[in-house]
Amino acid sequence: RMAGNQSELADPPKDGISAMQFAPGHNLLLVSSWSAEVRMYDVLMNSKKIQYSHKAAVLDCCWGADQTRCFSAGVDRTVKTFDFGSSTDMFLGEHEKPVKSVCWHKDLSSLVSGGWDKIMKVWDLRAGKSTHAVHLPDKIFTMAACANRIVVGTANRHVCVYDVRNLSEPEQQRESSLKFQTRCIRCYPDDKGYALSSIEGRVAMEYFDTSAAVQAKKYAFKCHRAQDERGVDTVYPVNALAFHPHYGTFATGGCDGKVIMWDGENKKRLQAPWSYPTSVAALAFSPTGAMLAVASSYTFEEGDREAPPTQIYCRAVSDTEVRPRPKTAAP
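This paragraph deals with the overall build of the chain. Secondary structure summary: the chain contains two helices and 31 strands in total. Expected size for 331 residues packed as a compact globule is a radius of gyration near 20 Å; at 19 Å, the chain falls within 12% of this value. Expressed along its principal axes, the backbone C-alpha trace of the chain runs to roughly 60 × 50 × 40 Å. When the accessible surface of the chain is summed, it comes to about 14800 Å², and 49% of that surface belongs to carbon and sulfur atoms.

It is worth spelling out the sheet that holds strand E6 (residues 58-63) at this point. Taken in spatial order, the four strands make up an open sheet running E6-E7-E8-E9, and their pairing is antiparallel. A strand with exactly one partner marks an edge of an open sheet, and here the two such strands are E6 and strand E9 (88-94). Averaged over all neighbouring strand pairs, the angle between strand axes comes to 20°, with direction disregarded. Two strands pair when backbone bridges link them, and E6 and strand E7 (residues 69-74) are joined in this way by five bridges, in the antiparallel orientation. The residue bridging Asp60 from the neighbouring strand is Ala73, located in E7.

This part takes up unusual backbone geometry. Positive phi is not limited to glycine here, since Ser109 has a value of about 45°. Here Ser109 shows up in the loop between strand E10 (99-105) and strand E11 (110-115). For Ser109, a relative accessible area of 47% corresponds to the partly exposed category. Even without glycine at this site, Lys118 takes up a positive phi of about 70°. Of note, Lys118 is situated in the loop between E11 and strand E12 (119-124). Look at Lys118 and you get partly exposed, because its relative accessible area is 38%.

This brings us to the packing of aromatic side chains. On inspection of all chains with the given rule, the structure shows twelve aromatic pairs. What links up through ring pairs into an aromatic cluster is the set Tyr188, Tyr207, Tyr219, Phe221, Phe243, Phe250 and Trp262. A cation sits over an aromatic face here: Lys139 above Trp116, 5.2 Å from the ring centre. One Lys or Arg, Lys267, reaches over the ring of Tyr219 and ends 4.4 Å from the middle of that ring.

Turning to the sheet that holds strand E3 (residues 28-33), a few remarks are in order. Read from one edge to the other, the open sheet built from four strands follows the order E2-E3-E4-E5, with strand pairing classed as antiparallel. Across the chains shown, the open sheet's two edge strands, defined by having one partner strand only, are strand E2 (17-22) and strand E5 (47-53). When the angles between neighbouring strand axes are averaged without regard to direction, this sheet yields 20°. Across five bridges, E3 lies against strand E4 (residues 37-42) in antiparallel orientation. Within the sheet, the bridge partner assigned to Leu28 lies in E4 and is Asp42.

Further remarks concern the environment of Ala272. Among the secondary structure elements, Ala272 is positioned in the loop between strand E27 (268-269) and strand E28 (274-275). Classification of Ala272 as partly exposed rests on a relative accessible area of 46%. Residues Ala272 and Leu44 lie 228 residues apart in sequence; the distance between their C-alpha atoms is 26 Å.

Strand E20 (residues 202-207) sits mainly inside the fold: five of its six residues count as buried. Note: strand E19 (residues 193-198) against E20, five bridges, orientation antiparallel. Within E20, the residue paired with Tyr194 across the bridge is Glu206. Counting the residues that bridge the hairpin from E19 to E20 gives three residues, and of these Gly201 lies at a positive phi of roughly 50°. Relative to strand E21 (residues 219-222), E20 runs antiparallel, the two being bridged by four bridges. When the sheet's bridge partners are listed, Arg202 is paired in E21 with Lys222.

Rules used in this analysis
Residues numbered from 1 in each chain as written. Predicted model: local features only at pLDDT ≥ 70, side-chain atom pairs only at ≥ 80, totals over all residues. Heavy atoms only, no water. Helix = DSSP H or I, 4+ residues; strand = E, 2+ residues; numbered from the N terminus. Rg over C-alpha atoms; globule rule 2.2 N^0.38 Å. Areas by Shrake-Rupley, 256 points an atom, 1.4 Å probe, with all protein chains shown as cover. Pairing = 2+ DSSP bridges. Axes fitted to C-alpha atoms, helices over the stretch in contact; angles between N-to-C directions. Buried < 20%, exposed > 50% of the residue type's maximum accessible area, 1.4 Å probe, protein only. Phe/Tyr/Trp six-rings, centres within 6.5 Å; stacked < 30°, edge-to-face > 60°. Lys NZ or Arg CZ within 6 Å of the ring centre and 35° of its normal.

Quick look at the structure:
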């Protein structure tokens, strides 16, 4: 148990957590892990409701249109869907190499998967097959869906923005503003752009609109760094990004075991970092934004070593912790 404003979920996965997501409109948390399983928790009841397995580590999971169906994929190269109504999992299809990322696209009413085979696939649930196979410049590391777009981050710092109405070629092909490997991409709740984090303690704030005026607003900032007495910086990967659903402020989670809330619009840190026992592997806001799920789970950035056990903390966030703080106008 932790302080009054947060609790630990009972029966967490035994191995590292790869992803977490709350169901649309519900306090049901989906969790995928390296222990080759997907679990679903009711966080208010603090109970595990259901779990199903893959043949190897599960690298990502997401909900479908509502809380009745989810999707998962991973090292076994398969994409699966689970129907909570009938409590059955079904093989949807596969990639030629491990599948790193899955996301549900509302506009397409389809699942999108991205693999280390450099292919993004769109899946038709009713037909049980893939309708598009899109070739990317490199291995897919992270994907995010918003409005009519899908943003894909690959190895070698490529960022491809697709308009789902025309998947034959990217609407924009960019290079990451950050010099190091991309770890996570998440879209702004207003669909105007995305945040991108790297393995080198930085986050870039990006916009879709290519006009000079809008592009002038983009910036990057340092975070998840520690300085010793000699002034030497230790720089940590930023594993996770999660936007508050209403305010558009966001949390970052790093290998330093810290979670930090940011106001991207006003370029401010909202409060002192929250500390966890080991690396923060994943973050998820509940649909109301009243709760932040934090996966404290060693991510092997220092190789195989003793590490605290995997835990999921559900943190109640107060309005003051997540509300934007506009700059006060000069008198």
